Structures are given as C-alpha cells and as structure tokens.
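This is what each chain is made of:
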Amino acid sequence: MNTAYRLDDVRHCYGDRCVVDVPALEIATGEILAIIGPSGAGKSTLLRLLDFLESPTDGAITYAGDVVDGDVPLAIRRDVTTVFQRPMLLRRSVAANVRIGRKLRGLDTKGGDTERWLERLGLTELADAPARTLSAGEAQRVAFARALIVEPSVLLLDEPTGNLDPYNVGLLEDIVRAENADRGTTVVLVTHDEFQARRIANRTALMASGSIVELADTEAFFTAPEDPRTAAFLEGDLLY
Amino acid sequence: MGTLGKAFADAFGLLWNLDPSLVETVALTLQVTLAALVIALLIGVPLGAGVGLARRLPGRWLLVPLIYTGMGLPPVVVGLFTYLILSNQGPLGGLGWLFTPVGMIVAQTIIALPLVVGLTMAAVQGIDPSLPVQMLSLGATRRQVAGVTLLEARVGVTAAVVAAYGAIISEVGAVMLVGGNIEGETRVLTTAIVLETRRGNFALALALGIILLGIAFLTNFAFHRLQVRQGVR
Ligand SMILES: Nc1ncnc2c1ncn2[C@@H]1O[C@H](COP(=O)(O)OP(=O)(O)OP(=O)(O)O)[C@@H](O)[C@H]1O
Ligand SMILES: [Mg+2]
C-alpha cells in the first residue's frame, strides 16, 4: 500500500484551543476515505491542513514520502485540490470558472476539457452565464468541475453534495468513483451523510473534538463499530 | 455678455482655432498627469493588493493609518518637499529635475500613490477572504492569487484610478512649486488658470477651467464605461 499522507502528532490550534489533534493517521494512495463527525469537530480544518492551506501548529505531515513544512512546493500544492463547503466562484462566466485551474497552470484552455467537464456535470447550458447568478447546487457543481479539470492526485471534498438534489448527488458520487477507479485519485470526503460514506468510501473515520475517534473499513465501521462513541454518534446522540 | 458667457465663447474660440499655446498646455497637462498616473498605478496597485491580502502583515496597524494619511496629503506640502529634494542643495539636485516636467511628474506621483495604494487595498479587502484561499487550493501562486483578486475587485480598483487621476489633473500647488509655471516648458492648465486670474483675464482663466473640466469629464466618462462593462460579470 502506497501512502499518500502520513500525519505524526499533528495538532492545529487557534490560540490555546486545538481544533485538530491527530497523533497518527495514514491515508493510502488511491483510497476513498470518508470523515464524518459533529459540527465543529475540525473536519474542514483537517482538510485545509491536507491541502497545505495552513501549516499545523505542531507535528509533521508527510506527503508522498516527503515531509512537507514551511514553504510548500508549488508542484505538491498543485497535486491536491479541495471542493469547499462554501464554494466561492469568480465574477466571470461559468466556463471561465471551470477552466481557471488550467489557466493558473499555464495549460491550454481552449481545448475540449472545459466543455467535457461542463457536460459531465450538466452545466453546458449555463456555460456563458455569469457564475454569481447560479443557484447553490449549480455553484457546487461548478466548483466540482473546476477541481476535477486539473486532474488532481488528491481530491478533498468538504460536504460536496450539501446543496444537491438526489439525481445530482448520484451523478457526483459516480464521477468520484470513476475518477478514483480510472485515475487512482485519492479522495478524502467529509460528509454529514452516513449513507454517502457507505456508498463510496473504502474506509470511514469518525472525528470528534479534533481527534479521530475511530477509523475502520467502511463496512465494519457502520456494522460493528468498536468505539462506543461511534455507536452513539451513529444512533444520533450528540458527541462532544 | 457676462464673464461666464465670454468664458464659454473664449473656450470655444480657443478650441476652434486650436490655439497653439493652449494645445501645448493641454498636451503637457495630459503628459504629466498620465505619466504620474501610470507610475503610481504600476507601483501602487501591486502594493495595495499586497497590503490588502496580507492580513497578518506585521506593522499593518501602523502602515494602514499612514497610507490613509497619505491619501489626504496637502499637495502644496508634497510640492514643497519635492522642491527641497530636487533643488540644488537637495539630495537629488544633481538630476536637474527642478522646473522641468519630470519634476512635476515626481510630485504628482507622490500625490497619487497613497490614493492608489489605499483604495486598491480597500477594494481587495472587500473581496471575501475565502476567494484567495480557494484560488490557492486550485494551484495559484501568490502572485496569481493577487492577480485574480485584483480582477475580482476591478470595480474598486477602477475607482482608485479615477480618484488618483482626479486628484492630480486638478492639482495646482505642487506643480506650481516644482514646475514653476514656465510658459512653453512647465505650464499646465491649472497653473495657467492661476496666472490668468492674477492678470485679471477672468474670461480666459474660466475658459481654461472649462477645458480642464471637459477633459476630466471625458476621461471619467471613459473610465465609467469601462467599469460598467466590467460590472456585467
Ligand atoms: N480561523 C479560525 N480561528 C479560530 N477558530 C477557528 C478557525 N477556523 C476554525 N475554527 C474553529 O475550529 C473548530 C473546527 O472548525 P471546522 O470548520 O474544522 O469544523 P467542521 O468539523 O468542519 O464543522 P462543520 O461540520 O460544521 O463544517 C470550530 O470550533 C471553529 O470555530
Ligand atoms: Mg466544515
């Protein structure tokens, strides 16, 4: 098993409040890892660390075998991208938003990639529409397209289907599965939808108060959780 | 016919005849203004974007009020300062820029720069901070993040251009001190107006004023068209 990420004693604190505290975590290359957990558990913060948008207060993050700290090399940053919980689109057309990642990399933007991704996400009709006029669900699909068009090695998804109707949830899950299968994309999916985790994740983790409470194969995680807090969370109890 | 009526007639006459000294004055006014504006933009826009984006910049608490103060610098004080620097005894006296258009451009740039920096900074700060973060995630370099953010803030950045342009084309104190209002060399519209007023040629002074306002209006009209076009998306 190749390791995409290895976290050792990683803590991330704001002032004296540590919102992420992960003594050890390995994420395998090519796996789909789901992270569930209560609001404020530190899931989005963990994704920001994995996307190298913030450096941990303490500890080390190893990416593809290299310890990454200080100034993160551009090549590594460009290997990873996030679909954010609240996507922020540029005041440009939908198509321009979708191709921005390629433009930033100095890649050809005229080719069919933009059209292909617009089409895959059912956005073709909206290609020329100003992105700021989109509905929440449309904007989320644009955010998805602009992340996938750069063909990241690691795709971080923060509640990517929160605003989507069931048809589009299915569409996105299919695309994630396909990218994972065809290109070996490593996926870390933060979701409040346990069924979504069960549908697409190889492994699932429960995060609470900054820590990983339990991490197991998805099937085992949901059918035979070892930690009582996991069982409680899955039954709808409030976790602290 | 009152002074105002005569002024409009004079303004029209000067324009109609393409009065050579007027053409020269207008040309120099535009040259000095545009040169100072371009230099101020080249330095000020990146600086403003940098300060606007670096929310955790050490010394920001001091820098920002300093920039705001610079936005209100009395032009005459800038003129005096530039005069002292460029005068024979001044540190840059050897350049021989005093009483030349170059000296005037220096003074105008100093006046325009804080306006450009301050208003660009404000425009950039008006952008949701998650936008630069999401651009980083999509693989932008720091420089690209600044570029994308500036484009997002384009309406505000255009306002910075307009404010700086307006401040320097209408400015008289600094260009008077540093340029010296020498006919055919450093005379611009504002200093010509001062001169003609002192000579009692009110109609001519007013005519020059009307021409100055006309130029300012036309330029701002163009800036506004640009802003409207940008606002569409
Ligand atoms: N920049 C910050 N400064 C201070 N506190 C922060 C900052 N960012 C996040 N936090 C705090 O860290 C905690 C974890 O936030 P995070 O966004 O990671 O939670 P989450 O698990 O993604 O929650 P949700 O499911 O609601 O999205 C929260 O209590 C939040 O208030
Ligand atoms: Mg979150």
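Residues numbered from 1 in each chain as written. Chains lettered and ligands numbered in written order. Predicted model: local features only at pLDDT ≥ 70, side-chain atom pairs only at ≥ 80, totals over all residues. Heavy atoms only, no water.

Time to look at the coordination of the magnesium ion (ligand 2). Residues and elements named next belong to chain A. Within the protein, Ser44 (OG) and Gln85 (OE1) serve as the donor atoms for the magnesium ion (ligand 2), at 1.9 to 2.5 Å. You can see Ser44 sitting in helix H1 (residues 43-50) and its partner Gln85 sitting in the loop between strand S6 (80-83) and helix H3 (94-104), a full 41 residues away along the chain. Judged by its relative accessible area of 23%, Ser44 falls in the partly exposed class. (Donors = N, O, S within 2.8 Å, 3.2 Å for Na, K, Ca; no water. Helix = DSSP H or I, 4+ residues; strand = E, 2+ residues; numbered from the N terminus. Buried < 20%, exposed > 50% of the residue type's maximum accessible area, 1.4 Å probe, protein only.)

What follows is about the sheet that holds strand S10 (residues 211-217) of chain A. All names here are of chain A. Spatially, the 6 strands line up as an open sheet ordered S6-S7-S8-S3-S9-S10, and their pairing is mixed. One side of each edge strand has no neighbouring strand; the edge strands of this open sheet are S6 and S10. Neighbour-to-neighbour, the strand axes of the sheet open up by a mean angle of 15°, direction not taken into account. (Pairing = 2+ DSSP bridges. Axes fitted to C-alpha atoms, helices over the stretch in contact; angles between N-to-C directions.)

All names here are of chain A. On the basis of which strands lie adjacent, the open sheet formed by 4 strands has the order S2-S1-S4-S5 and antiparallel pairing. In this open sheet, the two edge strands, each paired with only one partner strand, are strand S2 (17-28) and strand S5 (66-68). Sheet twist, expressed as the average angle between the axes of neighbouring strands with direction ignored, equals 25°. Taken together, the 5 bridges between strand S1 (residues 3-14) and strand S4 (residues 58-63) define a ladder with antiparallel strand orientation.

Our focus in this paragraph is the pattern of salt bridges. Residues and elements named next belong to chain A. One pass over the structure, following the stated rule, counts 17 salt bridges over all chains. Residues Asp113 and Arg116 are paired through a salt bridge, measuring 3.7 Å at the closest nitrogen-oxygen approach. Here Arg116 and Asp113 lie together in helix H4 (residues 113-120), a separation of 3 residues that amounts to about one turn. Since its relative accessible area comes to 38%, Arg116 is described here as partly exposed. The salt bridge involving Asp193 is made with Arg199; its shortest N-O contact spans 3.7 Å. Salt bridges linked by common partners bring Arg6, Asp8 and Glu26 together as one network. (Salt bridge = Lys/Arg side-chain N within 4 Å of Asp/Glu carboxyl O.)

Below, the discussion takes up helix H10 (residues 189-198) of chain B. An α-helical segment advances 3.6 residues per turn. Residues three or four places apart therefore align on the same side. Residues and elements named next belong to chain B. Within H10, 7 of the 10 residues are buried, leaving the element largely enclosed by the surrounding structure. Listed in full, the buried residues belonging to H10 are Leu189, Thr190, Thr191, Ala192, Ile193, Leu195 and Glu196. Positioned one or two residues after H10, Gly200 has a phi angle of 85°, which is positive.

For the rest of this paragraph, the subject is the pairing of strand S7 (residues 154-158) of chain A. Residues and elements named next belong to chain A. The element S7 is largely enclosed, with a buried count of 5 among its 5 residues. Of the two faces of S7, both are covered, the one formed by Val154, Leu156 and Asp158 as well as the one formed by Leu155 and Leu157. Pairing analysis gives 4 bridges linking S6 to S7, with the strands arranged parallel. Bridge assignment links Val80 to a residue of S7, and that residue is Val154. Strand direction decides the pairing type here: S7 and strand S8 (residues 186-190), joined by 5 bridges, are parallel. Bridging across to S8, Leu157 finds its partner in Leu189. Tracing the backbone out of S7, into helix H6 (residues 166-183) and back to the parallel element S8 gives a crossover that is right-handed. (Right-handed = clockwise from strand over helix to strand, strands pointing away.)

Tracing the chain through its elements places Ser137 of chain B in helix H6 (residues 130-137). A distance of 2.5 Å separates polar atoms of two side chains, one belonging to Ser137 of chain B and the other to Asp51 of chain A. Excluding residues within four positions of it along the chain, Ser137 of chain B makes contact with Asp51, Leu53, Arg77, Val80, Thr81, Thr82 and Phe84 of chain A. (Polar contact = N/O pair within 3.5 Å; in protein donor to acceptor, adjacent residues only side chain to side chain. Contact = heavy atoms within 4.5 Å.)

Here the focus is unusual backbone geometry. All names here are of chain A. A positive phi angle, close to 60°, is found at Phe52, a residue other than glycine. In this structure, Phe52 sits in the loop between H1 and S4. With a phi angle near 50°, Glu159 is a residue other than glycine that sits in the positive phi range. Inspection of the secondary structure puts Glu159 in the loop between S7 and H6. Judged by relative accessible area, which is 14%, Glu159 ranks as buried.

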